[in-house]
Amino acid sequence: MSAGSGQEPLRVAVLGARGRMGRQACAAVDAAPDLELVAEIGRGDRLDALAEAGAQVAVDLTVPAAVMGNVEWCLSHGVHVVTGTTGWTADRLDTVRQWCTQAPALGVLVAPNFGIGAVLVMRFAQQAARFFESVEVVELHHPDKLDAPSGTAVRTAQLIAAARAEAGLDPVPDATVEALEGARGADVDGVRVHAVRLRGLLAHQEVLLGGPGETLTLRDDTYDRASFMPGVLVGVRKVADHPGLTVGLENYLDLDGAPRRAGD
Ligand SMILES: NC(=O)C1=CN([C@@H]2O[C@H](COP(=O)(O)OP(=O)(O)OC[C@H]3O[C@@H](n4cnc5c(N)ncnc54)[C@H](OP(=O)(O)O)[C@@H]3O)[C@@H](O)[C@H]2O)C=CC1
Ligand SMILES: O=C(O)C1=N[C@H](C(=O)O)C[C@H](O)C1
């Protein structure tokens, strides 16, 4: 079942359909000629409605407290999952990997960020990491966001830390003793991550890299959730071609290939 390659539209359900992201995802799926929006699930709605509608792919844009139950339900009912919901830990990912072994034909995409700008910043940060002794991540979001640090920032820091470890770099230098707990942000695998919550912002991230006499700043700014929708649609169309758990939309994109937009 490769999405878009068959005659029939791919049947898609959106979980968290009445949320900020969910509303836009419903509209994006609805507008795509190769997709059919068959279920819009909100909190308190029965997941059985998804099966009754014959959904083939579920897009989960809910909350960390709900996403694991939703993924488990989908995998046990033959439904692929694309989720942008946050709250992923190594243990949670391992659990989903385990569930996937019981449903080997199904795919689960966990995408910390669907925006091409954010995906590219993560890639560029990975590439730059080994050239700089210092690095910090700053994420800035709207104050209605439930979690901190953002899933994207955690993932970015993990990718940077892995690239530094692979290159054999020493720990990031830091002689500071905090006078107030939290002043230096969170520690994600040895990389400091800072979270700003400010009315007027939507979703932004900076990766600051520093070496003797120079700094490099990588920055992504999201001004509208429309920026996430091409990535959501890529996930929906490709998830069936990627059985098992995939973390990161970049695994569905050809970032090193010919120039093109994520939704093309
Ligand atoms: N990967 C990416 O690119 C992006 C990821 N996100 C992430 O996506 C998630 C959603 O973000 P956002 O839309 O801003 O958040 P919202 O709070 O606006 O939306 C979440 C929605 O999920 C609903 N919900 C809660 N529990 C369930 C459930 N069990 N089943 C179905 N729906 C449920 C909520 O309902 P109620 O309000 O009634 O509780 C709410 O409508 C967050 O984790 C956010 O960080 C956001 C933007 C981009
Ligand atoms: O809650 C949000 O808004 C966002 N959440 C995701 C995250 O935590 O990384 C993606 C994006 O930053 C917007």
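Residues numbered from 1 in each chain as written. Chains lettered and ligands numbered in written order. Predicted model: local features only at pLDDT ≥ 70, side-chain atom pairs only at ≥ 80, totals over all residues. Heavy atoms only, no water.

**Regarding the site of ligand 2**
Okay, step 1: Every residue near ligand 2 is listed here: Thr-86, Pro-112, Asn-113, His-141, His-142, Lys-145, Ser-150, Gly-151, Thr-152, Ala-203 and Phe-228.
Okay, step 2: The contact in question runs from an oxygen atom of ligand 2 to an N or O atom on the side chain of His-141, over 2.6 Å.
Okay, step 3: With respect to ligand 2, the side chain of His-142 contributes an N or O atom lying 3.0 Å from an oxygen atom.
Okay, step 4: Expressed as a share of its isolated accessible area of 320 Å², the protein-covered part of ligand 2 is 85%.
Okay, step 5: Assessed atom by atom at 2 Å from the grid points, ligand 2 resides in the largest pocket. (Near = heavy atom within 4 Å. Polar contact = N/O pair within 3.5 Å; in protein donor to acceptor, adjacent residues only side chain to side chain. Areas by Shrake-Rupley, 256 points an atom, 1.4 Å probe, with all protein chains shown as cover. 1 Å grid on protein atoms, 1.4 Å probe; cavity = no way out; pocket = protein on both sides within 12 Å on 5 of 7 lines; lining within 4 Å. Sits in = over half its atoms within 2 Å of the grid points.)

**Details of the layout of surface pockets**
Okay, step 1: Reported here for the largest pocket is a volume of approximately 990 Å³.
Okay, step 2: Considering the residues around the largest pocket, the lining is formed by 44 residues, among which Arg-20, Met-21, Leu-61, Thr-62 and Thr-85 are closest to the centre.
Okay, step 3: Every element with two or more residues in the lining of the largest pocket is listed here: α1 (20–31), α3 (64–75), α6 (151–167), β9 (203–211) and β10 (214–222).
Okay, step 4: Along the lines of polarity and charge, the residues of the lining of the largest pocket split into 17 nonpolar, 18 polar and nine charged.
Okay, step 5: In this structure, the lining of the largest pocket is formed jointly by two domains, domain 1 (10–110 + 226–252) and domain 2 (116–175 + 182–222), each of which donates at least three residues.
Okay, step 6: Its boundaries defined by the atoms lining it, the second largest pocket holds a volume of some 360 Å³.
Okay, step 7: Taken together, 22 residues line the second largest pocket, and the ones lying closest to its centre are Trp-88, Thr-89, Leu-93, Val-154 and Gln-158.
Okay, step 8: Among the elements of the structure, α4 (90–101) and α6 are those that each provide at least two residues to the lining of the second largest pocket.
Okay, step 9: Broken down by class, the residue content of the lining of the second largest pocket amounts to nine nonpolar, nine polar and four charged. (Points joined across faces, edges and corners; volume = space filled by probe spheres on them. Helix = DSSP H or I, 4+ residues; strand = E, 2+ residues; numbered from the N terminus. Nonpolar A, V, L, I, M, F, W, Y, C, P; charged D, E, K, R; others polar. Domains from an automatic or database assignment.)

**Focus on the domain arrangement of the protein**
Okay, step 1: When the domains of the protein are assigned, the result is domain 1 (10–110 + 226–252) and domain 2 (116–175 + 182–222).
Okay, step 2: Distance from the C-alpha centre of domain 1 to the C-alpha centre of domain 2: 27 Å.
Okay, step 3: Tallying the contact residues gives eight residues for domain 1 and 10 residues for domain 2.
Okay, step 4: Between domain 1 and domain 2, the buried area comes to about 770 Å², and carbon and sulfur atoms account for 60% of it.
Okay, step 5: Among the residues domain 1 hides against domain 2, the three largest losses belong to Arg-20, Thr-86 and Glu-250. Together they make up 53% of the total. (Contact = heavy atoms within 4.5 Å. Buried area = accessible area lost by both parts, 1.4 Å probe.)

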